[in-house]
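Here is how the chains run, residue by residue.
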Amino acid sequence: MNVSVPLVAVLAAVVWVAWRYMGLRAWHVVVCLLCGFFLAATEAAPEIRRMVTVLLQSLTLH
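1. Remarks on the overall build of the protein chain
A count of helical and extended segments in the protein chain gives three helices and zero strands. When the helices and strands of the protein chain are placed in sequence order, the string is α-α-α. Based on the C-alpha atoms only, the size of the protein chain along its principal axes is roughly 35 × 30 × 15 Å. Taken over 62 residues, the protein chain has a buried fraction of 3%. Summed over all atoms, the accessible surface of the protein chain reaches about 5,500 Å², with 75% contributed by carbon and sulfur.

Here it is, written out as structure tokens:
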């Protein structure tokens, strides 16, 4: 699965809204980024990638 620029932009917008209006602190963002980075290096990464692909395909079909 290739992550497209619009998907990254939407996720970045969600993070910005959470930071701006929901009290998300900068260090929360850093922890989330590090968690995602290290999670991508685990054996769970292919399954997560597959679930995201299925979710995106189901959203685009409707």
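2. A look at the layout of surface pockets
Of the pockets and cavities examined, the second largest pocket occupies roughly 340 Å³. Along the walls of the second largest pocket sit L11, A12, V15, L24, V29, C32, L33, C35 and G36, which together make up its complete lining. Among the secondary structure elements, those contributing two or more residues to the lining of the second largest pocket are helix 1 (5-21) and helix 2 (26-39). If you tally residues by element for the lining of the second largest pocket, the top one is helix 2, at five residues.

3. So, a nonpolar patch on the surface
The grouping of L39, I48, M51, V52, L55, L56 and L59 at the surface amounts to a nonpolar patch, some 570 Å² of accessible area in total. In terms of residue count, the dominant contributor to the nonpolar patch is helix 3 (residues 45-61) (six residues). In this fold, L39 is placed in helix 2. Residue class for L39 comes out partly exposed when judged on its relative accessible area of 35%.

4. So, the pattern of salt bridges
Under the definition given, this model contains one salt bridge. With a closest N to O distance of 2.6 Å, R50 and E47 form a salt bridge. Within this pair, R50 and its partner E47 are both found in helix 3, separated by three residues, close to a single helical turn. Its relative accessible area of 45% is what places R50 among the partly exposed residues. Residue classification places E47 among the partly exposed residues on the basis of a relative accessible area of 39%.

Cut-offs used in this document
- Residue indices follow the written sequence of each chain, beginning from 1 at its first position.
- Restriction of local features to residues with pLDDT of at least 70 applies here, the model being predicted, together with a cutoff of 80 or more for giving and counting side-chain atom pairs; totals for whole chains, interfaces and linings are based on all residues.
- Side-chain metrics in this entry use all non-hydrogen atoms of the structure; hydrogen atoms and water are not considered.
- Strands are runs of DSSP state E lasting at least two residues, helices are runs of H or I lasting at least four, and both sets are numbered from the N terminus onward.
- Exposure is judged per residue with a 1.4 Å probe applied to protein chains only, and the accessible area is read against the type maximum: over 50% gives exposed, under 20% gives buried, and values in between give partly exposed.
- Every accessible area reported is derived by Shrake-Rupley at a probe size of 1.4 Å, with residue values counting cover from the shown protein chains alone.
- Here the term cavity refers to a set of points on a 1 Å grid, laid over the protein atoms alone, in which a 1.4 Å probe fits but cannot get out; the term pocket refers to an open set having protein on both sides within 12 Å along at least five of seven lines, with lining residues being those that place an atom within 4 Å of a point.
- Grid points are joined across faces, edges and corners, and a volume is the space filled by probe spheres set on the points.
- The patches described consist of residues with a relative accessible area above 30% and no salt bridge, like charges being joined within 9 Å and nonpolar side chains (Val, Leu, Ile, Met, Phe, Trp, Tyr) within 5 Å.
- By definition, a salt bridge exists where a carboxyl oxygen of Asp or Glu is found within 4 Å of a side-chain nitrogen of Lys or Arg.

Honestly, it's all geometry; don't read function into it.
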